[in-house]
Amino acid sequence: MTSLMAILIGCLYAAAIYMMLRRSMVKLLIGLILLSNAANLLIFTVAGLERGVPPLITEGAQTITGASADPLAQALILTAIVIAFGVLAFAVVLLHRAYEVIRTDDMNEMKGTD
Amino acid sequence: MDMSVLIALPVIIPLIVGALSLVVLKNHGAQRLLGILGTGAVLIAAILLLWQTRLNGIKVLEVGSWPAPFGIVLVSDLLGAIMVLLAAITGFATAIYSLKTVRKRFERFGYYPLLHLLLAGVNGAFLTGDIFNLYVWFEVLLVASFALLIQGGERAQMEGAIKYVTLNLLSSALFLTAIGLLYGMVGSLNMADIAVRLTAVEDPKMVTLIAMLFLIAFSIKAAAFPLFFWLPASYHTPQVAVSAIFAGLLTKVGVYALYRVFSLMFTAEVDFTHQVILWMAVFTMLTGVLGAASQFEVRRILSFHIVSQIGYMMLALALFTPLALIGGVFYIMHHIIVKANLFFIAGMMYRLGGSFELKELGGLYKKHPGLAVLFLIPAFSLAGVPPLSGFFAKFILIKAGVEAEAWWAVAVALFVGLFTLFSMIKIWNEAFWKKAPEPAIEIPAPVRNKALYWTTGILASMTIAIGLFAQPIYVLAEMAANQLLNPQLYIDAVLGGGKL
Amino acid sequence: MSRQFNMRSLILSTGTTIILPLLLLFSLFLLLRGHNEPGGGFIGGLVAAAAIALKLFADDYPSAKSLLRVHPLQIVGVGLAIAALSSLPSLFVGENFFTAQWWTLYLPIFGPLKLSTPLFFDIGVYLCVIGTVLTAIFTLVEAEH
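Fair warning: this is a prediction, and the values are worked out from it, not measured in the lab. (Residues numbered from 1 in each chain as written. Chains lettered and ligands numbered in written order. Predicted model: local features only at pLDDT ≥ 70, side-chain atom pairs only at ≥ 80, totals over all residues. Heavy atoms only, no water.)

Novice: What is the right way to read helix 4 (residues 72-85) of chain C from this model?
Specialist: An α-helical turn contains 3.6 residues, so any two residues separated by three or four positions project in the same direction. The first and last C-alpha atoms of helix 4 of chain C sit 20 Å apart over 14 residues, in line with the 20 Å expected at 1.5 Å per residue. Taken together, the buried positions of helix 4 of chain C are occupied by C:Pro72, C:Gln74, C:Ile75, C:Val76, C:Gly77, C:Gly79, C:Ala81, C:Ala83 and C:Ala84. Against helix 1 (5-23) of chain B together with helix 3 (61-68) and helix 6 (117-144) of chain C lie the buried residues of helix 4 of chain C. (Helix = DSSP H or I, 4+ residues; strand = E, 2+ residues; numbered from the N terminus. Expected span 1.5 Å × (residues − 1). Buried < 20%, exposed > 50% of the residue type's maximum accessible area, 1.4 Å probe, protein only. Contact = heavy atoms within 4.5 Å.)

Novice: Just to check I follow, could you spell out the interface of chain B and chain C for this structure?
Specialist: Quite often, the size of an interface is put as the accessible area lost when its parts meet. In this complex, chain B contributes 17 residues to the contact, which on the side of chain C involves 19 residues. Summing both partners gives a buried area of about 1,600 Å² for chain B against chain C, and 76% of it is carried by carbon and sulfur. Sorting the residues of chain B by area buried against chain C places B:Ile16, B:Leu22 and B:Val23 first, and these three jointly supply 26% of that buried surface. Where chain B packs against chain C, one counts zero salt bridges. Between the two partners, chain B and chain C, sit four residue pairs in polar contact (both at pLDDT 80 or more). (Buried area = accessible area lost by both parts, 1.4 Å probe. Salt bridge = Lys/Arg side-chain N within 4 Å of Asp/Glu carboxyl O. Polar contact = N/O pair within 3.5 Å; in protein donor to acceptor, adjacent residues only side chain to side chain.)

Novice: Just to check I follow, could you spell out the packing of helix 9 (residues 204-221) of chain B against helix 12 (residues 270-293) of chain B for this structure?
Specialist: Angle between the axes and distance between the axes: these two values describe a pair of packed helices. Residues and elements named next belong to chain B. The interhelical angle for the contact between helix 9 and helix 12, taken along N-to-C directions, is 25°, at an axis separation of 10 Å. Comparing their axes, helix 12 and helix 9 come out roughly parallel. Where helix 9 crosses over helix 12, the two elements pack in a sense that is right-handed. Only Phe 272, Thr 273, Val 276, Ile 277 and Met 280 of helix 12 make contact with helix 9, whose side of the interface consists of Thr 208, Ala 211, Met 212, Leu 215 and Ser 219. (Axes fitted to C-alpha atoms, helices over the stretch in contact; angles between N-to-C directions. Parallel < 35°, antiparallel > 145°, perpendicular 65-115°, else oblique. Left-handed = near helix turned anticlockwise from the far one by under 90°.)

Novice: Got a minute to help me understand helix 8 (residues 191-198) of chain B in this structure?
Specialist: Residue and element names in this part refer to chain B. Most of helix 8 sits inside the fold, with six of its eight residues counted as buried. Taken together, the buried positions of helix 8 are Met 191, Ala 192, Asp 193, Ile 194, Ala 195 and Leu 198. Its side-chain oxygen at 2.9 Å from the backbone nitrogen of Ala 192, Asn 190 defines the N-terminal cap of helix 8.

Novice: What is the right way to read unusual backbone geometry from this model?
Specialist: With glycine set apart, most residues show a phi of negative sign, and most peptide bonds adopt trans. Here B:Ala68 and B:Pro69 are connected by a cis peptide whose omega angle stands at 5°. Between B:Pro386 and B:Pro387 the backbone carries a cis peptide bond, its omega angle lying at 5°. Residue placement: B:Pro387 occurs in the loop between helix 16 (369-383) and helix 17 (389-403). The phi angle at B:Ala223 is positive, at roughly 60°, despite the residue not being glycine. Mapped onto the fold, B:Ala223 is located in the loop between helix 9 and helix 10 (230-234). A residue is classified by how much of its surface remains accessible, and B:Ala223, at 0% relative accessible area, is buried. Of note in this structure, C:Arg69 is not a glycine but carries a positive phi near 70°. The residue C:Arg69 is located in the loop between helix 3 and helix 4 in this model.

Novice: Mind showing me how you'd approach the UniProt feature "domain: NADH:quinone oxidoreductase/Mrp antiporter transmembrane" (unreviewed entry) in chain B here?
Specialist: The UniProt record annotates "domain: NADH:quinone oxidoreductase/Mrp antiporter transmembrane" (unreviewed entry) at residues 130-420 of chain B. Helix makes up 80% of residues 130-420 of chain B and strand 0%, with an end-to-end C-alpha separation of 37 Å. (UniProt positions renumbered as here; feature names shortened; annotations may be inferred.)

Novice: Looking at this structure, how should I read a nonpolar patch on the surface?
Specialist: Residues and elements named next belong to chain C. On the surface, Leu 105, Leu 107, Ile 109, Phe 110 and Leu 113 cluster together into a nonpolar patch covering about 540 Å² of accessible area. In this fold, Phe 110 is placed in the loop between strand 1 (102-107) and strand 2 (111-116). The exposure class of Phe 110 is exposed, given its relative accessible area of 72%. (Patch = residues over 30% accessible without salt bridge, like charges linked within 9 Å, V, L, I, M, F, W, Y side chains within 5 Å. Areas by Shrake-Rupley, 256 points an atom, 1.4 Å probe, with all protein chains shown as cover.)

Below is the structure:
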């Protein structure tokens, strides 16, 4: 399962970078979205994939016994998703406003500040 | 209530003040008042924090009483406290400067709340002892900077913002990836704890790989070679007060993160990692200064000089000797004040001369000799003319380079210093000395403004003071460098129960 | 710009008047149960923001805006202030910054009511999320007009 996830994550990173290298603004945005998802999945995978064992301490015990899913990694992903949500919402608004001002979707046309 | 609360104040004050000034969004007077009071309070807190940290050593606050390494800790070592103080000075100066320069339209769209949020993010990044929390603060300051960057909505701003946003989001994703890999390897997020656990990792090549990911992520944020081009494409587009605080603080957060990570966590293969940083530093210095030489717009020249100055700071980290780190800390202290001030002065040149283009400026020396003197102080300091602050910063660094026998780096550093002087004299000749050109554009009636002169004047006198009283500053930098070179001090402070 | 983004569907508009209060109530329910069970300020805030966005689609921009009465950024401000201030009470009892504090109120009929700083933090998050999402949506709508 882990190696399958690794391949999937690699594909996501590759797709993200491919999209970011395109000239279209919208594709750039899609690239950024894929990139943040790839990073989240990576954290999820490297923390260890455990199936059906929530990290709960059983009645009477003091610590968790045996294997369990890592709750911290999930908290990290949750935080990262929320942040990505905010930042990407901003990016959507920005690209929309930029399109209205510049009237083009082509990144090659945006050389005014280089 | 013990003094450890002090560590939280530089973060929580701007958050609360920023929230309050969002509530009174439509009341301009209240917003400005909150702007001054809030940044002033942060300044006082930062001074107290640095004083306490210098007196009592590294201070640690376990947020929410969750013990390290499980909870998030805020750590104030000397480097962090110095950075917070510099951020507070820049923030306060920007708030005063904004009183007279920021248009009401921008105030209505939340200029002041964003300024406070930016400060909270910057201070949070300087003080946190948790690598994921560092990521969160990076995002906080990024979001605030995005919104500040596009206030005004002109074409150049939009183009600049797209480059800025893309590169910075890419850097954040790489940072997050690196955190994920690091967490998978050592199972901890507390930086002190990670440092301890990394010594036990059997595969140092893997650690170095992760270190390189951090290096790429942070050097994008710091605008180092080869991924610096977002900075000169965007920093000259927003209003001047925003440019100034960006120029002073934002790239330095990246530099700070590099200093923190490569002195605390990734010190196993110094020969390799710091060699890479050395070459990046050399090329950063060169490309920055050469880029500046080809520009004729004041803010763009200054933007390229930010890049070249970042090279000096990275050079200090790359040499990684006690003297070099002293020089690096000294350099950061000198640079933030000088750079913010130069942008402030560029804004005043625009108000008085009607343009940012050197070709359209001229004759400012005759009309405004006070401004000319104010420009010369930070400009010569940036180039490293004695007895100003930049001279000592460069001198210490170059001496460290000679001692480390990094001849190439020393040669480039000297050459870049010369070229910086050339750039500054170019601005001086064109804007101040040469005759005013036939006014192609209508120059607005110059508004003499005492608040602006006071802001830049005080920053300029700080530049002189750092130069004249270099000894106490040197001692402070020496103590900070000592803490950086002995990460055990940091580790003991954090993992030793958080008690002072 | 003459393009109208809503089609004034009678079904949607009538349905919204019934669903809107339910959604807002549900968002409060999610907010309050979030301490120990799935839910919380973020999810609750999203539901509330979605409810107001529904009003926007069903009716029009002015009516959705008047539902709020204040600028969404001001809601963010109030939320951020509540969340940030909830870190301070621990200082007055001599504990570390941001340590959770609990108080129990005894109400005449309902019995004990437990209040805590995490609850206030969550309420702050709730308001922040509503404000942020609506700021983004309203900005896009204003750009359309």
